[in-house]
Amino acid sequence: DNPRFSSRMREFYRQTLARPARAERRSVPRPAGVDPMEPVEFYWTRVSGRLSGNHSEIHLICLAYMSDMGMLSCAYAPFGGISAQHPSMLVSLDHSMWFHSTDFRADDWLLF
């Protein structure tokens, strides 16, 4: 409970954090020799639980959803990192994806 937030925002965060995670994410250490100011980030991700069936459409949808769950923080690297430049909100306004294969499962670990 942060008193700087309105009661409405505190309730929103309380409800959001109480919901089960839709996807899992594991950070990957920065490769040796990469400049800390270079906007590079790697992570493993997968849908929480197991997706039923072998319908490629649901895996494509989940992959698109997971692609928007990160990567924005690395854009802050050239400016001292996200801890040095506290954003008021992290958002993705728009992005496009081209799927060159459907030979993957969104509920298996994928490297971004």
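What you see is a predicted model; the values in this text were computed from it and never measured.

Undergrad: So, the confidence of the model for the protein chain: which residues are in play, and what are the values?
TA: Looking at the protein chain as a whole, its pLDDT mean stands at 83, while 86% of the residues score no less than 70. When mean pLDDT is compared element by element in the protein chain, strand 3 (residues 110–111) scores highest at 94, while helix 1 (residues 7–18) scores lowest at 85.

Undergrad: Account for the sheet that holds strand 2 (residues 42–47), with residues named and values stated.
TA: Taken in spatial order, the 3 strands make up an open sheet running 1-2-3, and their pairing is antiparallel. The sheet is open, and its two borders are formed by strand 1 (23–28) and strand 3, each paired with just one other strand. Pairing of strand 2 with strand 3 involves 2 bridges; the strand directions are antiparallel. When the bridges of strand 3 are listed, Thr-45 appears paired with Leu-110. Taken strand by strand, helix 2 (residues 56–67) contacts strand 1, strand 2 and strand 3, and its axis lies near 140° from that of strand 2.

Undergrad: So what's going on with the pattern of salt bridges? Which residues, and what values?
TA: In total, this model carries 7 salt bridges according to the counting rule given. A salt bridge links Glu-24 to Arg-26; the nearest nitrogen and oxygen atoms lie 3.3 Å apart. Among the ionic pairs, Arg-50 bridges to Asp-107, the shortest N-O distance being 3.3 Å. Here the residue Arg-50 occupies a position in the loop between strand 2 and helix 2, and Asp-107 occupies one in the loop between helix 2 and strand 3, the gap between them amounting to 57 residues. Since its relative accessible area comes to 3%, Asp-107 is described here as buried.

Undergrad: Give a detailed account of the side chain of Arg-105, specifying residues and quantitative values.
TA: With respect to the helices, strands and loops of the structure, Arg-105 is situated in the loop between helix 2 and strand 3. Under the relative-accessibility criterion, Arg-105 is labelled buried at 18%. Engagement of the side chain of Arg-105 in a polar contact is seen with the side chain of Asp-107, the distance being 2.9 Å. Apart from residues lying up to four places away in sequence, Arg-105 is in contact with Arg-50, Leu-51, Gly-53, Asn-54, His-59 and Leu-110.

Undergrad: Give a detailed account of the environment of Val-28, specifying residues and quantitative values.
TA: For Val-28, the position within the fold is in strand 1. Along the primary structure Val-28 and Glu-41 are separated by 13 residues, whereas in three dimensions their C-alpha atoms are 7.7 Å apart. Dropping the residues within four chain positions of it, Val-28 is found in contact with Phe-42, Tyr-43, Trp-44 and Leu-111.

Scoring rules and cut-offs
- Residues numbered from 1 in each chain as written.
- Predicted model: local features only at pLDDT ≥ 70, side-chain atom pairs only at ≥ 80, totals over all residues.
- Heavy atoms only, no water.
- pLDDT = per-residue confidence, 0-100.
- Helix = DSSP H or I, 4+ residues; strand = E, 2+ residues; numbered from the N terminus.
- Pairing = 2+ DSSP bridges.
- Contact = heavy atoms within 4.5 Å.
- Axes fitted to C-alpha atoms, helices over the stretch in contact; angles between N-to-C directions.
- Salt bridge = Lys/Arg side-chain N within 4 Å of Asp/Glu carboxyl O.
- Buried < 20%, exposed > 50% of the residue type's maximum accessible area, 1.4 Å probe, protein only.
- Polar contact = N/O pair within 3.5 Å; in protein donor to acceptor, adjacent residues only side chain to side chain.

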